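Below, each chain spelled out in residue letters.
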Amino acid sequence: MNQRRSYQIGTGLFILLGFGALAYLATQTTSVANFQQGPSYTLKARFTNVGQLKLRAPVKVAGVRIGSVQAIDLDAAKLDALVKLSVDKRYADLPDDSAAAIFTSGLLGDQYVAIQPGGSPDMLKDGDEFVLTQSSIQLEDLIGKFLVSGGPSKPADAGANDAAKPAEPKSDTDVKH
Amino acid sequence: MSTVIDPKRPTPRRDPSVIGDALAQVGACGLFLLQLLASVPRSLRYFKETIRQVWFVGAMSLAIIMTCGLFVGMVLGLQLYYVLSIFGGTAALGTVVSLSLYRELGPVVTALLFAGRAGTSITAEIGLMRATDQLAAMEMMAVDPIAYVATPRFLAGIVAMPLLACVFNALGIFGAHFVGVSWLGLDNGTFWSNMTSSVDVWKDVVNGVWKSVAFGAVVALIAVFQGYTTPPTSEGVAYATTRTVVFSSIVVLALDFVMTAFLM
């Protein structure tokens, strides 16, 4: 009888441990861990291009996460992207001339919304919209611009070459002397 | 109590070929599964026996599962750190380790270990019961051996496997965290935040759990079936135990491919 009871206690502990591990995996190592935010308020920002910005992407000030992207919609009238940001109530003091930009974390990382604080004494309130925004930088555009402007026939580039060339013989002579 | 499968009178072999044998095995195994499922309501009378089996196949397997999970996580940390460092993406170590554990390695390695640790002992135990005529004795006493011996072990396998896989995954994450952060000097915050931002509960964690439920059912079915239909000799029990490991490993890996293709 005693042994049967110890079986049952052992089984109960095992099941508890298993479900505990499952709960740990599900809540601490997945995107659920990012949801645990208290009361929040909503801000809006318009971008001409959101790039690969995803729902629940982080919203950061000075690199610190203060909220997440709640919704990304197309404004049918203006044909630009209307992004709703859910920001933690603890960070309610954002100046109303702050700028919102879409950055990429690292070269290949996920995109996030960075808020650069302004200097205005008035603060953004629930439902307000950012006046200054900077869209996501498209790598393809950058490469295209570089290819168009970076040819050797362009005067800007030739000047850069001229500036670079005199330096080389100097260093050569330095080595010789 | 009538049993369809009587090892004293093996299924008639009209086709002497290997393929025919294999087909007969698969068919008998399928019929046995139906018998098991049909006897689930009857085996509820022996609920405490099911709990004892969960203890035996689950709680007793914890030590090996935890040790192996820790080492698998640590080696994943080392290997993936090396691979990722080629691309300068070591920050993604947590993501890669957790995704490969949740989606693939956790369920599969746990199932293989489970077949070796719990499947073999189920087969050997039931096989010896068969060899020493204990199952026949149960029938004499009007105790249905399927409901009392086979089904509790089958259900215990289904219950224990996903829990073991979760423990395996958790220990694997700890192992990878130890190697990546404490040893190789990765940033702790990067490790966790990259993981939490790209691992999804339903697509990754829960899909892995479904996989391990299926693997638990398959391994337990094969183990119980092999034990129940073993030839009643010591050699027969030995062969049945070997077949349990071989068949369940093959079926788990094949089923893993099929399930991954469907669940992706």
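Structural data are supplied above this passage.
Reading guide: rules and limits
- Residues numbered from 1 in each chain as written.
- Chains lettered and ligands numbered in written order.
- Predicted model: local features only at pLDDT ≥ 70, side-chain atom pairs only at ≥ 80, totals over all residues.
- Heavy atoms only, no water.
- Helix = DSSP H or I, 4+ residues; strand = E, 2+ residues; numbered from the N terminus.
- Buried < 20%, exposed > 50% of the residue type's maximum accessible area, 1.4 Å probe, protein only.
- Contact = heavy atoms within 4.5 Å.
- Areas by Shrake-Rupley, 256 points an atom, 1.4 Å probe, with all protein chains shown as cover.
- Lys, Arg positive; Asp, Glu negative; His and termini not counted.
- Charge placed at Lys NZ, Arg CZ, Asp CG, Glu CD.
- Patch = residues over 30% accessible without salt bridge, like charges linked within 9 Å, V, L, I, M, F, W, Y side chains within 5 Å.
- Salt bridge = Lys/Arg side-chain N within 4 Å of Asp/Glu carboxyl O.
- Phe/Tyr/Trp six-rings, centres within 6.5 Å; stacked < 30°, edge-to-face > 60°.
- Lys NZ or Arg CZ within 6 Å of the ring centre and 35° of its normal.
- Pairing = 2+ DSSP bridges.
- Buried area = accessible area lost by both parts, 1.4 Å probe.
- Polar contact = N/O pair within 3.5 Å; in protein donor to acceptor, adjacent residues only side chain to side chain.
- Nonpolar A, V, L, I, M, F, W, Y, C, P; charged D, E, K, R; others polar.

What follows is about the overall build of chain A. Counting its regular elements, chain A contains four helices and seven strands. Its helices and strands in sequence order give chain A the pattern α-β-β-β-β-β-β-β-α-α-α, from N to C terminus. A burial count over chain A gives 32% of its 177 residues as buried. Across chain A, the fraction of contacts at a sequence separation of at least 24, relative to all contacts at a separation of at least 6, is 62%. Total accessible area on chain A is roughly 11300 Å²; 59% of this is exposed by carbon and sulfur atoms.

Secondary structure summary: chain B contains 10 helices and zero strands in total. Along its sequence from the N terminus, chain B presents helices and strands in the succession α-α-α-α-α-α-α-α-α-α. With the C-alpha coordinates aligned to their principal axes, the bounding extent of chain B is approximately 65 × 40 × 30 Å. Within chain B, buried positions represent 48% of all 264 residues. When contacts within chain B are restricted to residue pairs at least 6 apart in sequence, long-range pairs at least 24 apart make up 84% of them. For chain B, the computed accessible surface area is about 12100 Å², with 72% contributed by carbon and sulfur atoms. Taking the average place of the 15 positive charges on the side chains of chain B and the average place of its 14 negative ones, the gap between the two points comes to 6 Å.

Of note, Asn169(B) is situated in helix α7 (residues 145-183). According to the relative accessible area criterion, Asn169(B) is buried, its value standing at 6%. In contact with Asn169(B), not counting residues within four places along its chain, are Leu25(A), Leu101(B), Tyr102(B) and Gly106(B).

The subject of this paragraph is a nonpolar patch on the surface. Residues Ile137(A), Leu139(A), Leu142(A), Ile143(A), Phe146(A) and Leu147(A) make up a contiguous nonpolar surface patch of roughly 640 Å² in combined accessible area. In this structure, Leu139(A) sits in helix α2 (residues 139-149).

This paragraph deals with the pattern of salt bridges. Once the charged atoms of two side chains with opposite charge are near each other, the side chains can pair. All told, the structure shown has 11 salt bridges over all chains when counted by the stated rule. Among the ionic pairs, Asp204(B) bridges to Arg103(B), the shortest N-O distance being 2.5 Å. With a gap of 101 residues between them, Asp204(B) in helix α9 (residues 201-228) and Arg103(B) in helix α5 (residues 93-131) connect regions that are remote in the sequence. Residue classification places Arg103(B) among the partly exposed residues on the basis of a relative accessible area of 25%. Each of Arg46(A), Asp75(A), Asp80(A) and Glu129(A) takes part in a single network of salt bridges with overlapping partners.

This model, assessed by the stated rule, comprises seven aromatic pairs over all chains. Centroid distance Phe32(B) to Tyr228(B): 5.3 Å. Interplanar angle 40 degrees. Geometry classified as tilted. You can see Phe32(B) sitting in helix α1 (residues 18-38) and its partner Tyr228(B) sitting in helix α9, a full 196 residues away along the chain. You'll find Phe32(B) and Tyr228(B) in the same group, each marked buried. Here the aromatic residues Phe32(B), Phe225(B) and Tyr228(B) are joined through ring pairs into a cluster of three or more. Residue placement shows Lys60(A) over the ring face of Tyr112(A); its charged tip is 4.5 Å from the ring centre.

All names here are of chain A. Within strand β6 (residues 111-116), five of the six residues are buried, which leaves the element mostly enclosed by the surrounding structure. Across three bridges, strand β2 (residues 58-61) lies against β6 in parallel orientation. In the sheet register, Val 61 faces β6, and the bridge partner there is Ile 115. Bridge count between strand β5 (residues 99-104) and β6: six bridges; the pairing is antiparallel. Paired with Thr 104 across the bridge in β6 is Gln 111.

On to unusual backbone geometry, then. Residue and element names in this part refer to chain A. Positioned with a positive phi, Ala 62 is a non-glycine residue whose angle comes to about 55 degrees. Along the polypeptide, Ala 62 turns up in the loop between β2 and β3 (64-75). Classification of Ala 62 as exposed rests on a relative accessible area of 74%. Even without a glycine there, the phi angle at Leu 79 is positive, about 55 degrees. Tracing the chain through its elements places Leu 79 in the loop between β3 and β4 (80-88). According to the relative accessible area criterion, Leu 79 is exposed, its value standing at 62%.

Our focus in this paragraph is the interface of chain B and chain A. In this complex, chain B contributes 27 residues to the contact, which on the side of chain A involves 22 residues. Counting each side, the surface lost to burial between chain B and chain A is near 2200 Å², with a carbon and sulfur contribution of 76%. Broken down residue by residue, the surface that chain B buries against chain A is led by Trp55(B), Leu163(B) and Thr196(B), which jointly contribute 26%. The tally of links between chain B and chain A comes to zero salt bridges. Across the contact surface, chain B and chain A share two residue pairs in polar contact (both at pLDDT 80 or more). Listing elements by their share of the side of chain B that touches chain A, those giving two or more residues are α3 (47-57), α7, α8 (188-198) and α9 of chain B. Looking at the side of chain B that touches chain A residue by residue, the classes come out as 20 nonpolar, four polar and three charged.

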